[in-house]
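Listed below, chain by chain, are the residues.
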Amino acid sequence: MNKNIYSVFIAILLTMTSTQAQAQGSISNDYSFGDGLAIHGGVGFLALKDEYISSEIYSGTVPYFAASWSRQNETYGHRLWLEYEYTAALRNHNISAEITQLRLGVAFMYPVGKTNVLSKDVDVLFGPASELFFHYRSENIADGGESVANAYSFALLFSGGMKLEALCPLNESFQLHAMAQTSLLSFGGRMPNVAGIEEGEKNESAFKLLTVFAGFDASGEIGCSYKLYRSVLIAADYRFELTRISAWDFFISGNDNFIVSAAYDF
Amino acid sequence: MTFKEVKISRRVVLASTFLLTFFWGCRDLVVTPSAQLYFDGESNNVNVADFEEAWSITNSVYPFFQFKHINWDSIHSVYEPLAEKANGDEMFNVLFKMFTELKDGHLEIVTQGGYAVTIYLPPRLKRDISAFDPHVVRKYFTKELKLAGDGYMDYEILPENIGYVRISAFSEGDWIFDFDKILDYLAGAKGLIIDVRQNGGGHGEQVNYVVSRFLSAPLPANPMYLSNGQPRSNPPIQPRGPYQYTKPVVVLINGASFSATELFATMMSQLSNVTLVGDTTGGGGGNQGFYSLPSGRQIRISNLDIRRYDNQPIEWNGVPPNILVMQSAEDLKNGHDLQLERAIALLK
């Protein structure tokens, strides 16, 4: 009975989440942590609301690029990743915004247990993670007359939190993986609201320490990887990311991506 | 990496439970109440409300309809249908285009967070945006210029024993108090250049603070009018400080001297020891008022007709120099600040 409950939990996590692309040999009964360097490319859908500009939601498809590095030792493994997203076509009706988003993260993963899902071994790893999220928006909010009117906004979140991974090798070449990550405490930055400054309101700081309720960054991934050769591996993943900041004008950026990856173990 | 098989850890269960609870708990936090209106499909109604409010406020406070020969009622009939059709942030464009009709450099549309977007660049301001280069100014000095006033001012004495101070803005703040120290430093020079080129303006109080050091007698305020044509009376500007600077002064102006800076130029032009050199100022003769719209957007528009001492509106007309010295980016590229050179020649 208990085993079933655990299986359900892990199954849910698998559907919510994922890992970095894998690039490790020795796939047998043990999982592949994914040592080596991986590059990722894909396409996603991004929805954004930044009330520094307006309460309107902007959305559109965004190319996704990332690189990651993973390495393990006897007691734990660590992951380092950099993501980049850019589009000039995030739209709200006939108004478009130019968006650049970067994520730089690191995580230290410790094996915490092994379970069984649908008769398959699933290894679970858990550990601290930190991520730097940077968002920059440039927008032609209007054009006409003799000039083009640009507005700008940015969001910054440097967060510490935790990461959970589940790795399920199906055979020597094929592995399922999932990941969930969330922030707990963050250092955030935004353009302070100055709309009322001329009317006597006090200017607020552009940088603040944020609890998870004021600054929240989470991501999840689920996917599979396949070992082509001894050191080369390909993967396909679904990944979602959510960043929410409410300590200043409300900001939320959510995107999901379909990603293919290639990894090389060296 | 290997580790011994164990029954699923309690830590995993706890962590999983926490994550699931957390994601579920955040569900209601994602959408703010202020945004709910938009999810309910009320975006267009908000835009129409914004339009009506913006039009009405402007109709009430804008003082230049007659001077600019603008029929504001007809503007309403042209742009109201566009506002009704506008979805979401398309309303920015409708407001932008409507206000462009006023050709007013003080007009701004402001995002909810306060980012101000300028709607109209007056022709002289646009022309002279590149007609000043502080690096070229520095070539005329043998010493590095000193900074003061939170970086709003720099100053030094030219080799010809002429004092030079540049005031880059008249923004609100205590930084302006440093002007007295600068004047003390430059008081021994045989003349003074006050460079307000590229000064986009600010607050009248800051202007008065500087002007008051040059007055030997109270200076009557320049004329100002409300939107209904009624004059607004202002008290004369009183001399201030331990001494008054009465040596020759050149005020450098150009098309990028705007708003409160033009007030400064017109006041200084009333003093017999002051010569305005450069080019006619930008022509921003309104006082910028701040007005909120129902959506949270804001508009900033002129609500006062500030005039020169000859009772001509500063709006569009600007303040002309006593000595016209035109200057282009090309002159600066060749290493010459012709306006500064003329000022030095006058005071030498």
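Please refer to the structure placed before this passage.
Keep in mind it's a predicted model, so treat the numbers as computed, not measured. (Residues numbered from 1 in each chain as written. Chains lettered and ligands numbered in written order. Predicted model: local features only at pLDDT ≥ 70, side-chain atom pairs only at ≥ 80, totals over all residues. Heavy atoms only, no water.)

### Digging into the environment of Met91 of chain B
Residue and element names in this part refer to chain B.
Piece 1. Its place among the elements puts Met91 in helix H6 (residues 90-100).
Piece 2. Sequence spacing of Met91 and Leu304 is 213 residues, and the spatial spacing of their C-alpha atoms is 26 Å.
Piece 3. Apart from the residues within four sequence positions on either side, Met91 is in contact with Asn47, Phe51, Ala83, Ala86 and Arg297. (Helix = DSSP H or I, 4+ residues; strand = E, 2+ residues; numbered from the N terminus. Contact = heavy atoms within 4.5 Å.)

### Description of the packing of helix H10 (residues 204-211) of chain B against helix H11 (residues 260-268) of chain B
All names here are of chain B.
Piece 1. Between H10 and H11, whose axes approach to 9 Å, the crossing angle comes to 30 degrees. Relative to H11, H10 is oriented roughly parallel. Here the hand of the crossing between H10 and H11 comes out right-handed. Within the contact between the two elements, H10 uses Gly204, Val207, Asn208, Val210 and Val211 and H11 uses Ala260, Leu263, Phe264, Met267 and Met268.
Piece 2. Looking at the contact of H10 with H11, its residues break down into 8 nonpolar, 2 polar and no charged. (Axes fitted to C-alpha atoms, helices over the stretch in contact; angles between N-to-C directions. Parallel < 35°, antiparallel > 145°, perpendicular 65-115°, else oblique. Left-handed = near helix turned anticlockwise from the far one by under 90°. Nonpolar A, V, L, I, M, F, W, Y, C, P; charged D, E, K, R; others polar.)

### Quick word on the nonpolar core
Piece 1. Counting residues in hydrophobic clusters, the biggest one holds 42 residues, and the most contacted among them are Ile167, Ile194, Phe214, Val251, Phe264 and Met268 of chain B.
Piece 2. Among the elements that line this core, the one with the most residues is H11 of chain B, at 6 residues.
Piece 3. When neighbours within four sequence positions are excluded, Phe264 of chain B is seen to be in contact with Phe170, Ile194, Val196, Val207, Val210, Val211 and Val251 of chain B.
Piece 4. Counting residues in each nonpolar core, the second largest holds 40 residues, with Tyr52 of chain A together with Phe51, Val61 and Ile301 of chain B among its members. (Core = buried A, V, L, I, M, F, W, Y, C linked by side-chain atoms within 4.5 Å. Buried < 20%, exposed > 50% of the residue type's maximum accessible area, 1.4 Å probe, protein only.)

### Let's talk about the side chain of Ser138 of chain A
Piece 1. Topologically, Ser138 of chain A is positioned in strand S5 (residues 120-144).
Piece 2. Apart from residues no more than four positions distant in its own chain, Ser138 of chain A is found in contact with Ala97, Glu98, Ala151 and Tyr152 of chain A.

### Considering the environment of Ala83 of chain B
Residues and elements named next belong to chain B.
Piece 1. Here Ala83 shows up in helix H5 (residues 72-85).
Piece 2. Note on Ala83: relative accessible area 1%, which makes it buried.
Piece 3. Along the sequence, Ala83 and Val94 sit 11 residues apart, while their C-alpha atoms lie 6.3 Å from each other.
Piece 4. Excluding residues within four positions of it along the chain, Ala83 makes contact with Asn47, Val48, Phe51, Met91 and Val94.

### Digging into the packing of H5 of chain B against H6 of chain B
All names here are of chain B.
Piece 1. One way to put it is that H5 packs onto H6 with a least axis distance of 10 Å and a crossing angle of 165 degrees. Regarding the angle of H5 to H6, the classification is roughly antiparallel. Taken as a pair, H5 and H6 cross one another with a handedness that is right-handed. Mapping the contact onto sequence places Trp72, Ile75, Tyr79, Leu82, Ala83 and Lys85 in H5 and Glu90, Met91, Val94, Lys97, Met98 and Phe99 in H6.
Piece 2. Partitioned by chemical class, the residues of the contact of H5 with H6 number 9 nonpolar, no polar and 3 charged.

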